[in-house]
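Chain residues, written in single-letter form:
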Amino acid sequence: MTFAPGGSPRRLSLDHPPKPAETLHALADYAGDVECDRYMEGELFDRLQGRIAGLLGKEAALYLPSGKIAQMSALKVLTGRAGCSRIAMHPRAHLEEYEARAYQELWGLTAAQLGGYDRLPTRDDLDAIHEPLGAVVLEMPQRRLGCLLPKWDELTALTELARTRKIYLHLDGARLWESQPFYNRPLTEIAALFDTVYVAFDKGLGGLTGAALAGPQWVIDEAMIWQRRAGGRALRSFPNLLSALKALDERLPRMTEFHLKSKSLAATLSEIPSVNVSPTRPMPTPSWSACRAHANARSMPVTASPRKTASGSLTSLKTPSINRSSVSKSPCAAQHSIWRKPR
C-alpha cells in the first residue's frame, strides 16, 4: 500500500522490488564456497530442509519450487493414505480462490465447505460436516478475511475434533512466520497441531521464491514422487536455496519486532480522521494487519487501481493528515490493505 502525504507517494514496505545485481551480489557474499546442488540434492538442500524440520518440530522436510506443488503433494499423499479424496477447507481459502481449482482439475480432489464465507472456521463447522474427509486444510492467517487468525483455544478445539475423527490436518502456513508472534508460542507448538505444514520463503521472509513441506518421513517420501510427477524438480536451485537460508538467518528473528511495529503503525493510522483500523488489535502479520482500514470515501480521497472484492475495493490511500515521520521508517512488509466501502 502507498500513502501519499503532500502528494508524494510513500510505500509502507520493507520489501521494495529487488534489483537483480544487488540481490545476487548479496547472495554471493552469503554463499561462501558452498558446493552447487544438482537435481534437488546437495549441501544446500540438506541445510535448508534440516533447518525447516527443526524449526517446525517435524521428522522431515522437503524444499519445493512453489507452494502449490507443496500443498497439493501433501494433500494427495494424506488423502491417498486416508482412502478418501474429499478435503474440507474455508470457502475463501487460497486453494479455492487463487489456484483455478487445481486441487480438483489436476489433482482429483473434491472439497467440502468449512465455515462461513466471511468468518473464520470453527470446531462447530467441522462438526457439521457429516461425511468422510481425507484431510482438513486450515489457512493461517486467513488471507482473504484480512489475514485473521483464530484464538488459540478455538484453533485447538477444531484440531482436537479432527484428531478424534481421525482426519489428517494440513496447515497452509505461507505466513506462519509472521503469525507466530500473535500466539507467542514456539513454532514447534503451533506446527504440532498439524500432520503436515507448508511454509513459504517469499512472503514475510522476503526470499526469492520457493516453499517447504514438513511432516512425517512417510509423507515426505511420497511427496517426492508427486514432486517429480508435477515437474517440481530442477537441475539447479542454489539461488533460491541461498535466498531462503539467508532469510531464515536475517529476517525470521525480526518477526516479533515487525509485529510490534505493526501495532504502533495501527495506532498512528487510527488517529487519521475517517479511518478505522481493523482489527483493532493487529493480529498475525506485519504485512497486513496494521493498515487494514475502512475509509469514508466522501470525507477522504482515495486513489488506486482497485481490486474488486465482495465487500469493497482494495485501494491505496491519499491523505495529507498522516504524519510522514510515523510511517517512513516502518520495517513492515508491504501488503497492507485499505477497504473503501462501495457507495
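Calculation rules
- Residues numbered from 1 in each chain as written.
- Predicted model: local features only at pLDDT ≥ 70, side-chain atom pairs only at ≥ 80, totals over all residues.
- Heavy atoms only, no water.
- Pairing = 2+ DSSP bridges.
- Helix = DSSP H or I, 4+ residues; strand = E, 2+ residues; numbered from the N terminus.
- Axes fitted to C-alpha atoms, helices over the stretch in contact; angles between N-to-C directions.
- Contact = heavy atoms within 4.5 Å.
- Salt bridge = Lys/Arg side-chain N within 4 Å of Asp/Glu carboxyl O.
- Buried < 20%, exposed > 50% of the residue type's maximum accessible area, 1.4 Å probe, protein only.
- Left-handed = near helix turned anticlockwise from the far one by under 90°.
- Nonpolar A, V, L, I, M, F, W, Y, C, P; charged D, E, K, R; others polar.
- Phe/Tyr/Trp six-rings, centres within 6.5 Å; stacked < 30°, edge-to-face > 60°.

A. Spatial organisation of the sheet that holds strand β6 (residues 135–139). Strand order in the open sheet formed by seven strands is β3-β9-β8-β7-β6-β4-β5, and the pairing between neighbours is mixed. Every other strand in the sheet has two partners, leaving β3 (60–64) and β5 (110–113) as the edge strands with one partner each. Recorded for the sheet is a direction-independent mean angle of 25° between the axes of neighbouring strands. Its contacts with the sheet put helix α7 (residues 152–164) on β6 and β7 (168–173), and the angle it makes with β6 is roughly 165°.

B. Broad picture of the pattern of salt bridges. This model, assessed by the stated rule, comprises 13 salt bridges. Put simply, E96 and R101 hold a salt bridge, and the shortest N to O gap is 2.4 Å. Under the relative-accessibility criterion, R101 is labelled partly exposed at 33%. Across the pair R163 and D195 runs a salt bridge whose closest N-O atoms are separated by 2.9 Å. With R163 in helix α7 and D195 in the loop between α9 (187–191) and β8 (196–200), the pair connects residues that are 32 residues apart, well separated along the chain. Among the charged side chains, a network of salt bridges with common partners joins R92, E97 and R144.

C. Quick peek at the packing of helix α2 (residues 43–56) against helix α11 (residues 238–250). Contact pair α2 / α11: the axes reach a minimum separation of 10 Å and the direction vectors enclose 40°. For the pair α2 and α11, the crossing hand works out as left-handed. Along its contact with α2, which presents L44, F45, R47, L48, R51, I52 and L55, the element α11 presents F238, L241, L242, A244, L245, L248 and D249. Its residues assigned to classes, the contact of α2 with α11 comprises 11 nonpolar, no polar and three charged.

D. Molecular detail of the packing of aromatic side chains. Taken as a whole, this structure holds six aromatic pairs when the rule is applied. The interplanar angle of 15° and the centroid separation of 6.3 Å between the aromatic rings of Y63 and F201 together place this pair among those described as stacked. One end of the pair, Y63, is in strand β3; the other, F201, is in the loop between β8 and β9 (211–215), and 138 residues separate them in sequence. Across this residue pair, the class does not change: Y63 and F201 are buried. The interplanar angle of 65° and the centroid separation of 5.5 Å between the aromatic rings of W152 and Y183 together place this pair among those described as edge-to-face.

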